[in-house]
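Residue-level listing of the chains:
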Amino acid sequence: MTTLPYLSETTPFPDVANALQDPNGLLAYGGTLSVPMLFQAYSNGIFPWFSEDEPILWWSPDPRAIIELDEFHASRSLRKLARQGQYVVSLNRQFTNVIRACSSIPRRHPEQQTMSNETWITEDMIQAYCQLHQAGLAHSVEVCHVDGTLVGGLYGVAVGEVFCGESMFHLAPNTSKLAMFALVQHMKRHGLAFIDCQLPTEHLSSLGAKSLARDEFIPRLHQHNVTLAEDGKLSARYQQCWESGIITP
């Protein structure tokens with residue numbers, strides 16, 4: 001019988017090669033949602049995912065879903081929407097509003113067929129990722145109507161040149177896709193690497209996501225992890241790439 005490792009706040013994460021096959025990618029439990037622990041996790045291809053009544057569960061699935069920037073599929077209708085000027089897309093201007101919107105919309109659990117309001121984006125997760133945002137590591141893309149109303153967006157964690165997507169939402173048709181399109185274009189303009197989508201889904205595949213074996217994903221993540229400068233602070237390049245402002249698809 002396999003024993004799942006327990007983590008304290010100072011315990012290093014196990015090698016991801018030790019993650020379970022069933023459920024796919026479950027690696028450890030325990031620890032905290034502190035900024036240092038979350039940064040250590042994402043830097044090693046690990047993320048938390050758990051329900052309200054569960055301990056903190058840490059995952060590193062195999063295979064991993066990623067979007068290569070040049071392989072993002074923007075449909076003709078999406079490109080038309082981007083040109084219409086109906087929406088303004090921004091970076092890091094409404095992180096809290098975006099994560100709360102993501103937590104409140106009904107969605108389908110990967111292992112279930114019915115829609116549910118149950119969410120893994122608990123209040124503890126919201127507070128933790130807001131702290132990660134304040135530390136300059138978590139980022140949001142907002143899609144607002146020209147009157148300022150937030151109608152779509154996404155959020156995630158940037159590990160150097162890699163954006164690790166967490167969740168997205170839309171209140172108007174295709175606005176989450178518009179957020180992703182703008183993010184892709186922003187990353188291309190700054191010479192960044194790829195988007196980590198965590199788990200393959202049909203929706204992500206329609207946007208160009210592909211599956212990558214974990215033993216290929218982890219070296220690529222480490223190769224592009226240029227988050228910190230030699231003094232341990234966020235590098236100037238990292239800060240420049242993820243600074244707040246308007247972005248265009």
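Everything below is about the structure printed above this text.
The structure presented is a predicted model; accordingly, all values stated were derived computationally and were not measured. (Residues numbered from 1 in each chain as written. Predicted model: local features only at pLDDT ≥ 70, side-chain atom pairs only at ≥ 80, totals over all residues. Heavy atoms only, no water.)

(A) Seen up close, the side chain of Asp196. The residue Asp196 is located in strand E12 (residues 194-198) in this model. With sequence-adjacent residues up to four places away left out, Asp196 is seen in contact with Arg64, Ala65, Ile66, Val162, Phe163, Cys164, Gly165 and Phe217. (Helix = DSSP H or I, 4+ residues; strand = E, 2+ residues; numbered from the N terminus. Contact = heavy atoms within 4.5 Å.)

(B) Region of the structure containing the packing of helix H2 (residues 76-83) against helix H5 (residues 175-189). Closest axis-to-axis distance for the H2/H5 pair is 10 Å, and the angle between their directions is 80 degrees. In this view, H2 runs roughly perpendicular relative to H5, as classed from their interaxial angle. On H5, the residues touching Leu78, Arg79, Leu81 and Ala82 of H2 are Lys177, Leu178 and Phe181. Looking at side-chain class alone, the contact of H2 with H5 contains five nonpolar, no polar and two charged residues. (Axes fitted to C-alpha atoms, helices over the stretch in contact; angles between N-to-C directions. Parallel < 35°, antiparallel > 145°, perpendicular 65-115°, else oblique. Nonpolar A, V, L, I, M, F, W, Y, C, P; charged D, E, K, R; others polar.)

(C) Local environment of the packing of aromatic side chains. Under the definition given, this model contains 10 aromatic pairs. Relative to Trp59, the ring of Trp49 has its centre 5.4 Å away and its plane inclined at 55 degrees; by these criteria the two rings are tilted. Residue Trp49 is located in the loop between strand E3 (47-48) and strand E4 (57-59), and its partner Trp59 is located in strand E4; the two are separated by 10 residues in the primary sequence. With respect to burial, Trp49 and Trp59 carry one shared label: buried. (Phe/Tyr/Trp six-rings, centres within 6.5 Å; stacked < 30°, edge-to-face > 60°. Buried < 20%, exposed > 50% of the residue type's maximum accessible area, 1.4 Å probe, protein only.)

(D) A look at the pairing of strand E6 (residues 87-91). Here E6 lies mainly inside the structure; four of its five residues are buried. Across five bridges, E6 lies against strand E9 (residues 138-145) in antiparallel orientation. Of the residues in E9, the one forming a bridge with Ser90 is Glu142. Across two bridges, the pairing between E6 and strand E14 (residues 245-246) is antiparallel. By the bridge assignment, Leu91 is partnered in E14 with Gly245. (Pairing = 2+ DSSP bridges.)

Read these as spatial facts, not as claims about activity.
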